[in-house]
Amino acid sequence: MEQKNNWLTLKEQLASVIVGQEVLIERLMIALLAGGHVLLEGAPGLAKTTAVKVLSQAVNLDFVRIQFTPDLMPSDITGSEVLDRDSGQMRFVKGPLFHQLTLADEINRAPPKVQSALLEAMAEGQVSVGGQTYALDPLFFVVATQNPLEHSGTYPLPEAQMDRFMLHVKLDFPSADEELIILQRVRSGAFSQKATLSSFDLATLTSARAQVANMHIDLSLQQYLVRLIAATRQPELVAESLRDTIAVPASPRATLALAQAASARALMTGRDYVTPEDIVVLLPDVLRHRIHLSAKARTQKLTVDDWVQQVLDRVTLAI
Ligand SMILES: Nc1ncnc2c1ncn2[C@@H]1O[C@H](COP(=O)(O)OP(=O)(O)OP(=O)(O)O)[C@@H](O)[C@H]1O
Ligand SMILES: [Mg+2]
């Protein structure tokens, strides 16, 4: 019960600052509870930075924001060895990745070497500099943002490493009603107040992550989950119209990410078991950056989101 209250309170606290954007709030909390990394994609000014900052304040995480730029070097994020004048020895100076929550802003503006250094740290939980490896914080997770409008002067993320992200979330513009509340909230100074969850400590988060890892997923749901991911490899078995629509299918990492994210969603909702809805809601975010449509599918103007929807409509949960 204690746990459930914590997560509902956290959600309410985020919602008291961020207007609408329920998807953003939910997915950030899933990343926090599962210890997964999230890629946020949306136009500028949709409260991405604000939401991540408020989250880190609320749960007292040691937070850093790295603005990715074309002149960034891998050592600017990992850290580097410097000569210590007093001892005459080389000494490792930690970079910004040695925080608990890293906001990697506009990740596609930095060159591939920097992106790779980040993605490697995300996959391994450690960085290697000068032949030595250094472990990152046990709670380390990354929220990265990518702006869809910028094409010139940007570097697309390396496709093969994209699956380091547990979820790829797309954000929408607020409605007119929501925008009015945003205007009023910002003018009232609501944003200058710091929100901290008083009852929260890092042991709570560590135990939540253990609960996510041990969450009950019924065998029929595990089979459903596997069938959904398998559809990326043989879509023609789901529907003849989907034959040859996939160029790059999803790997077992997608299956694991879906189970983990669904488990975190169950925990934050106060359940100790996963429901079909957890899986259905999260499948698009799990597959968006992992599968690539074929040329044939693209000429039919099919998008990954349409494709996932067609699969969800046809693959049924066998009980
Ligand atoms: N849904 C929202 N709720 C509350 N404030 C919002 C919302 N959307 C935008 N804002 C306000 O708009 C401003 C821009 O937000 P923020 O800097 O977080 O955007 P961003 O998505 O990080 O933008 P960028 O991509 O340019 O970095 C802030 O003042 C923020 O308070
Ligand atoms: Mg921002």
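Going by the structure above, here's the rest.
Figured I'd write up the structure that's included with this text. Note that the structure is predicted; figures quoted are calculated from it, not measured.

1. Topic: the overall build of the protein
Moving on, step 1. Each helix and strand in the protein was counted, giving 12 helices and 11 strands.
Moving on, step 2. Its C-alpha atoms give the protein a radius of gyration of 21 Å, near enough to 20 Å, the size a compact globule of 319 residues would have.
Moving on, step 3. Expressed as a percentage of its 319 residues, the buried residues of the protein come to 38%.
Moving on, step 4. Nonlocal contacts in the protein, meaning residues at least 24 apart in sequence, comprise 79% of its contacts between residues at least 6 apart.

2. Focus: unusual backbone geometry
Moving on, step 1. A positive phi is found at glutamate 106, a non-glycine position, where the angle reads about 55°.
Moving on, step 2. Summarising the element assignment, glutamate 106 is placed in the loop between β5 (101-105) and α5 (112-124).
Moving on, step 3. Using a count of 17 C-beta atoms within 10 Å as the deciding quantity, one classes glutamate 106 as partly exposed.
Moving on, step 4. Of note in the backbone geometry, aspartate 244 takes a positive phi value of approximately 60° without being a glycine.
Moving on, step 5. In this fold, aspartate 244 is placed in the loop between α8 (219-230) and β10 (246-248).
Moving on, step 6. With 11 C-beta atoms packed within 10 Å, aspartate 244 lands in the exposed category.

3. Let's talk about the site of ligand 1
Moving on, step 1. In the region of ligand 1, 16 residues are neighbours, and Pro44, Ala47, Lys48, Thr49 and Thr50 sit closest.
Moving on, step 2. When residues of the shell around ligand 1 are traced back to their parent elements, those giving at least two are α3 (48-58) and α6 (176-187).
Moving on, step 3. Looking at the shell around ligand 1 element by element, the count peaks at three residues for α3.
Moving on, step 4. Partitioned by chemical class, the residues of the shell around ligand 1 number nine nonpolar, six polar and one charged.

4. Focus on the pairing of β5
Moving on, step 1. Burial of β5 is extensive: five of the five residues sit out of reach of the surface.
Moving on, step 2. Of the two faces of β5, the one lined by Leu101, Leu103 and Asp105 and the one lined by Thr102 and Ala104 are each fully buried.
Moving on, step 3. Sheet topology note: the strand β2 (residues 63-67)/β5 ladder contains five bridges and is parallel. By the bridge assignment for β5, isoleucine 66 is matched with alanine 104.
Moving on, step 4. Taken together, the four bridges between β5 and strand β8 (residues 141-146) define a ladder with parallel strand orientation.

5. Thoughts on the packing of helix α10 (residues 276-287) against helix α12 (residues 304-314)
Moving on, step 1. For the pair α10 and α12, interaxial distance at closest approach is 10 Å and the crossing angle is 145°. Read as a crossing pair, α10 and α12 show a hand that is right-handed. Across the interface between the two elements, Val280, Leu283, Pro284 and Leu287 of α10 pack against Val304, Asp305, Val308 and Leu312 of α12.

6. Describing the packing of α8 against helix α9 (residues 252-268)
Moving on, step 1. Following both chains from N to C, one finds α8 and α9 inclined at 140°, their axes separated by 10 Å at the closest point. Classed by the angle they form, the pair α8 and α9 counts as oblique. By crossing handedness, the relation of α8 to α9 is classed as right-handed. For the pair α8 and α9, contact is made by Leu225, Val226 and Ile229 and by Ala254, Thr255, Leu258 and Ala259, respectively.
Moving on, step 2. For the contact of α8 with α9, the residue count by class is six nonpolar, one polar and no charged.

7. A word on the sheet that holds strand β1 (residues 38-41)
Moving on, step 1. What the five strands build is an open sheet, ordered β2-β5-β8-β1-β9; its pairing is parallel. Looking at the sheet topology across the chains shown, the edges are occupied by β2 and β9 (167-170). Along the sheet, successive strands turn relative to each other by an average axial angle of 20°, direction set aside.
Moving on, step 2. In this sheet, β8 lies alongside β1 in parallel orientation, the contact comprising four bridges.

8. What about the nonpolar core?
Moving on, step 1. The biggest cluster of nonpolar side chains holds 86 residues, and the ones touching the most others in it are Leu28, Ala31, Leu33, Val38, Ala51, Leu258 and Ala261.
Moving on, step 2. In terms of residue count, the dominant contributor to this core is α9 (10 residues).
Moving on, step 3. Looking at which domains feed residues into this core, each of domain 1 (2-191) and domain 2 (215-314) supplies at least three.
Moving on, step 4. Residue contacts for leucine 33: discarding those within four places in its chain leaves Ala208, Arg209, Val212, Ala264, Leu267 and Met268.

9. Remarks on α6
Moving on, step 1. With 12 residues, α6 should reach 16 Å at 1.5 Å per residue; the first-to-last C-alpha distance of 17 Å fits that figure.
Moving on, step 2. Glycine 189 sits one or two positions beyond α6 and adopts a positive phi of about 80°.

10. A word on the environment of valine 23
Moving on, step 1. You can see valine 23 is positioned in helix α2 (residues 22-34).
Moving on, step 2. The sequence separation of valine 23 and glutamine 115 amounts to 92 residues, and the corresponding C-alpha distance is 25 Å.

Definitions and limits used
Residues numbered from 1 in each chain as written. Chains lettered and ligands numbered in written order. Predicted model: local features only at pLDDT ≥ 70, side-chain atom pairs only at ≥ 80, totals over all residues. Helix = DSSP H or I, 4+ residues; strand = E, 2+ residues; numbered from the N terminus. Rg over C-alpha atoms; globule rule 2.2 N^0.38 Å. Buried ≥ 20, exposed ≤ 12 C-beta atoms within 10 Å, placed from the backbone. Contact = placed C-beta atoms within 7 Å. Near = placed C-beta within 6 Å. Nonpolar A, V, L, I, M, F, W, Y, C, P; charged D, E, K, R; others polar. Pairing = 2+ DSSP bridges. Axes fitted to C-alpha atoms, helices over the stretch in contact; angles between N-to-C directions. Left-handed = near helix turned anticlockwise from the far one by under 90°. Parallel < 35°, antiparallel > 145°, perpendicular 65-115°, else oblique. Core = buried A, V, L, I, M, F, W, Y, C linked by C-beta atoms within 7 Å. Domains from an automatic or database assignment. Expected span 1.5 Å × (residues − 1).

So yeah, pure geometry; function would need other evidence.
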